[in-house]
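The lines below spell out each chain.
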Amino acid sequence: MYRIVRETNYLTDTVRYFIEEYKGFIFKVWTRDLDIPMKGPFGAPTYEGAKWKLDQIKLKHGKMVVKEIV
């Protein structure tokens, strides 16, 4: 289960949207670590950008990097 969280930084006057994943059985725990082999939190400066990335993550089931031998 995923969600998009809006984060407003009033100090720098910026808004970012981050993707979080639910990782909890007993306790409700949301984390920005999506177990994707890429560094950093996943997000975008716009809601549409974060929604597009979330749709791609759901479509590929979290396997964003595919290696092939050619």
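Residues numbered from 1 in each chain as written. Predicted model: local features only at pLDDT ≥ 70, side-chain atom pairs only at ≥ 80, totals over all residues. Heavy atoms only, no water.

Caption draft 1: Seen up close, the side chain of glutamate 21. Within the secondary structure layout, glutamate 21 lies in strand β2 (residues 14-22). The buried charged residue glutamate 21 lacks any salt bridge partner; its closest oppositely charged side chain belongs to lysine 23, at an N-O distance of 4.0 Å. Setting aside its immediate chain neighbours within four residues, glutamate 21 contacts Met1, Tyr2, Val29, Trp30, Thr31, Asp33 and Leu34. (Helix = DSSP H or I, 4+ residues; strand = E, 2+ residues; numbered from the N terminus. Buried < 20%, exposed > 50% of the residue type's maximum accessible area, 1.4 Å probe, protein only. Lys, Arg positive; Asp, Glu negative; His and termini not counted. Salt bridge = Lys/Arg side-chain N within 4 Å of Asp/Glu carboxyl O. Contact = heavy atoms within 4.5 Å.)

Caption draft 2: Geometry of the pairing of strand β1 (residues 2-9). In this sheet, β2 lies alongside β1 in antiparallel orientation, the contact comprising 8 bridges. In the strand pairing of β2, glutamate 7 is matched with arginine 16. (Pairing = 2+ DSSP bridges.)

Caption draft 3: Inspection of the pattern of salt bridges at higher detail. Applying the stated criterion across every chain yields a total of 4 salt bridges. For the salt bridge of glutamate 20 with arginine 32, the shortest nitrogen-to-oxygen distance reads 3.4 Å. Here glutamate 20 is found in strand β2, whereas its partner arginine 32 is found in the loop between β3 (30-31) and β4 (43-44), with 12 residues between them in sequence. The class for arginine 32 is partly exposed, based on a relative accessible area of 27%.

Caption draft 4: Summary view of the packing of aromatic side chains. This structure, assessed with the given rule, holds 2 aromatic pairs. For the pair tyrosine 17 and tyrosine 47, a centre-to-centre distance of 6.0 Å together with 75° between the ring planes defines the contact as edge-to-face. Remark: tyrosine 47 occurs in helix α1 (residues 47-59) and tyrosine 17 occurs in strand β2; sequence separation between them is 30 residues. For tyrosine 17, a relative accessible area of 16% translates into the label buried. Seen from the ring of phenylalanine 18, arginine 32 lies directly overhead, with NZ or CZ sitting 4.0 Å from the centre. (Phe/Tyr/Trp six-rings, centres within 6.5 Å; stacked < 30°, edge-to-face > 60°. Lys NZ or Arg CZ within 6 Å of the ring centre and 35° of its normal.)

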